[in-house]
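# Breakdown of the fold
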Amino acid sequence: MTGDHVLRNRVAWNAYAEEFRDPGHRAWSSDEPTWGIWGIPEAGVGMLEGVDGNDAIELGCGTAYVSAWLARRGARPVGIDNSPKQLESARGFQAEFDLRFPLVHGDAEHTPFPDAQFDLAISEYGAAIWCDPYVWIPEAARLLRPGGRLVYLSHSPLTMLCSPLDDEVVPIEDRLIRDQFGMHRFDWSDATEFQVSHGETIRLLHDCGFEIEDLLELQPAEGSTTNADWITLEWARRWPCEDVWKARKRP
Ligand SMILES: C[S@@+](CC[C@H](N)C(=O)[O-])C[C@H]1O[C@@H](n2cnc3c(N)ncnc32)[C@H](O)[C@@H]1O
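Keep in mind that what you see is a predicted model, and the values were worked out from it rather than measured.

### Let's talk about the overall build of the protein chain
For the protein chain, the helix and strand inventory stands at nine helices and 11 strands. Against the 2.2 N^0.38 benchmark of 18 Å for 251 residues, the protein chain shows a C-alpha radius of gyration of 17 Å, consistent with a compact globule. Viewed in the frame of its principal axes, the protein chain has a C-alpha envelope of about 45 × 40 × 35 Å. Burial statistics for the protein chain: of 251 residues in total, 53% are counted as buried. In the protein chain, once contacts between residues fewer than 6 apart in sequence are set aside, the share between residues at least 24 apart is 72%.

### Quick notes on the pairing of strand 4 (residues 76-81)
By the criterion of burial, strand 4 is predominantly enclosed, with five of the six residues buried. In the sheet, strand 3 (residues 55-59) pairs with strand 4 via five bridges, with the strands oriented parallel. Each residue of the ladder has a partner; that of D55, found in strand 4, is R76. For the segment spanning strand 3, helix 3 (residues 65-72) and strand 4, crossover handedness is right-handed. Where strand 4 and strand 5 (residues 103-105) come together, three bridges link them in parallel fashion.

### Observations concerning the packing of aromatic side chains
Scanning the model with the defined rule gives 12 aromatic pairs in all. Aromatic side chains W35 and W69 sit 5.3 Å apart centroid to centroid with 85 degrees between the ring planes, which places their arrangement in the edge-to-face category. In this pair, W35 sits in strand 1 (residues 34-35) while W69 sits in helix 3, placing the two residues 34 residues apart along the sequence. Note on accessibility: W35 and W69 belong to one class, buried. Through a chain of ring-to-ring contacts, the aromatic side chains of W13, Y16, F20 and W130 assemble into a single cluster.

### As for the packing of helix 6 (residues 133-143) against helix 8 (residues 198-207)
Put simply, helix 6 and helix 8 touch, their axes get as near as 10 Å, and they point 35 degrees apart. Where helix 6 crosses over helix 8, the two elements pack in a sense that is right-handed. Taken together, the residues of helix 8 that come into contact with helix 6 (itself represented by P133, Y134 and I137) are E200, L204 and L205. Its residues placed into classes, the contact of helix 6 with helix 8 shows five nonpolar, no polar and one charged.

### A short note on the site of the ligand
In the vicinity of the ligand there are 18 residues, among which D81, Q86, D107, A108 and E124 approach most closely. In this structure, N82 approaches the ligand through a main-chain N or O atom, which is 3.2 Å from a nitrogen atom.

### Some details on the pattern of salt bridges
The full count for this structure, using the stated rule, is 15 salt bridges. Of the charged contacts, one joins R145 and D119 as a salt bridge, the two residues approaching to 3.0 Å between their closest N and O atoms. With R145 in strand 7 (residues 144-155) and D119 in strand 6 (residues 118-124), this residue pair connects regions lying 26 residues apart in the sequence. Take R145: its relative accessible area is 27%, and that puts it in the partly exposed class. For R185, the salt bridge identified is with D187, shortest N-O distance 3.0 Å. A relative accessible area of 33% means that R185 is categorised as partly exposed. D187 gets classed as partly exposed once you look at its relative accessible area, which sits at 47%.

### Description of the sheet that holds strand 6
Strand pairing in a sheet relies on backbone hydrogen bonds, with the paired strands running either antiparallel or parallel. Within the open sheet, the seven strands sit side by side as 5-4-3-6-7-11-10. Their pairing is mixed. In this open sheet, the two edge strands, each paired with only one partner strand, are strand 5 and strand 10 (210-218). Strand-to-strand twist across the sheet, computed as the mean angle between neighbouring axes with direction ignored, equals 15 degrees. Contacting strand 4 and strand 5, helix 4 (residues 84-97) runs over the sheet at an angle of about 165 degrees to strand 5.

### Observations regarding the side chain of E193
Relative to the helices and strands, E193 is located in strand 9 (residues 192-194). Although E193 lies buried, it forms no salt bridge, and the closest oppositely charged side chain, R178, sits 9.1 Å away as judged by the N-O distance. A distance of 2.8 Å separates polar atoms of two side chains, one belonging to E193 and the other to W188. Setting aside chain neighbours within four positions, we find E193 in contact with I129, W130, H155, M160, H184, R185, F186 and W188.

About the thresholds
- For every chain, the first residue of its written sequence is number 1, and the numbers climb from 1 along that sequence.
- At least 70 in pLDDT is required for a residue's local features to be given in this predicted model, at least 80 for side-chain atom pairs to be given and counted, and no such filter applies to totals for whole chains, interfaces and linings, which use all residues.
- Side-chain metrics in this entry use all non-hydrogen atoms of the structure; hydrogen atoms and water are not considered.
- Put simply, DSSP H or I for four residues or longer makes a helix, DSSP E for two residues or longer makes a strand, and each gets a number counted from the N terminus.
- For the radius of gyration, the atoms used are the C-alpha atoms, and the globule rule reads 2.2 Å times the number of residues raised to 0.38.
- Buried, partly exposed and exposed residues are distinguished by accessible area as a fraction of the type maximum, computed with a 1.4 Å probe on protein chains only: under 20%, between the cut-offs, and over 50%, respectively.
- The criterion used for residue contact is that any of the two residues' heavy atoms lie within 4.5 Å.
- When DSSP finds two or more bridges between two strands, those strands count as paired.
- With the strands pointing away from the viewer, any crossover whose connection runs clockwise from the first strand over the helix to the second is right-handed.
- Note on ring pairs: Phe, Tyr and Trp rings are taken, using the six-membered ring of Trp, and paired if centres are within 6.5 Å. Classes follow the plane angle, with under 30 degrees stacked, over 60 edge-to-face and the rest tilted.
- Convention adopted: a line fitted to C-alpha atoms gives each axis, helices being fitted over their contacting stretch, and angles between N-to-C directions are expressed from 0 to 180 degrees.
- For any pair of crossing helices, the crossing counts as left-handed if the nearer helix is rotated counterclockwise from the farther one by less than a right angle, and right-handed if it is rotated clockwise.
- Amino acids outside the nonpolar list (Ala, Val, Leu, Ile, Met, Phe, Trp, Tyr, Cys, Pro) and the charged list (Asp, Glu, Lys, Arg) are all regarded as polar, and Gly is one of them.
- Being near a molecule or strand, for a residue, comes down to having at least one heavy atom within 4 Å of it.
- Whenever a nitrogen or oxygen atom comes within 3.5 Å of another N or O atom, the pair is scored as a polar contact, on the condition that within protein one atom can donate a hydrogen and the other can accept it, and that pairs from neighbouring residues in sequence are kept only if both atoms are in side chains.
- Between Lys or Arg on one side and Asp or Glu on the other, a salt bridge is scored when a side-chain nitrogen of the former is within 4 Å of a carboxyl oxygen of the latter.
- Charge assignment in this entry is limited to Lys and Arg as positive and Asp and Glu as negative, and neither His nor the chain termini are counted.

Have a look at this one:
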C-alpha cells in the first residue's frame, strides 16, 4: 500500500524541481563524480566501483545524474522517481547529453520490476531518505540478484538527532535534541523524511538478506563548501553528517 508520505513528497519534489535543475546539469556535465552536499570526490567514497556491465536501478533518481555516471562507466541503468517534474529535467538532460536509459515514474517502495532483475541498487538522497527503510530496503533486496549490491548515501542519524524541532530553524545544533529511541519518520513542514539508528539499519539489512560490506561516515575536506543551509562546515568536520552504506545480497 502506498504511504501518505509518497504523495506528500511528490508534491514537494515537483515544487523543488526547478531549483534542482542547475545542480543536476552541473552533475550531468561532470566526468568526475562527487557525492553528497559537500561534493566529496568518488575516489574517497567508491559508490561507482565495479559497476561496469551491471544492470543498475537508481531508486529516487531525480535528475538522474548518478544514472548518467553509471552509464558512462559501462552499466545499464534504469532510473525510477516519484516526481514527474524531476523526470522531466532528467529527460531534458538525456536529450542534451545524448545519453538515454529508461526513466520510470513510480514509487521506489513498490516498483514495477520483476524479482532479481539488477546487480546494483543505488541511491543518493533518493529512496535513501525519502522512503521508509522498512519498505524500500526489502524492495531493493527483491530487485537484486544474489550477490548484487545495495549502495546508498543518506543523512547520518546524528544529523537528525541534532535537528531543531522547528524545521524552519537552521543550521543543526551541536547537541542532541531529538530522541534516538523510536527515531523513524520526520514530518517536516513540506515533506517527509526517514532515518533509523545504525543498529536498526544493521538488523534490517541482515534480515533482508544482505551482508554489510562498509559504512562510510563522510567527512568533508577543510575548506569545503555547500549550498545546504542546514549545516556548517565546522559541524561536519567534527561529526559525520552523511553516511554511505554498502551491502551485498547473500548468494
Ligand atoms: C535529492 S533527489 C535525489 C537525486 C539526486 N541524487 C540528488 O541528490 O539531487 C530526491 C529524489 O527522490 C525522489 N523521491 C522521493 N520519494 C520517492 C519515492 N517514494 N520513490 C521514488 N522517488 C522518490 C524525489 O522525487 C526526488 O527526485
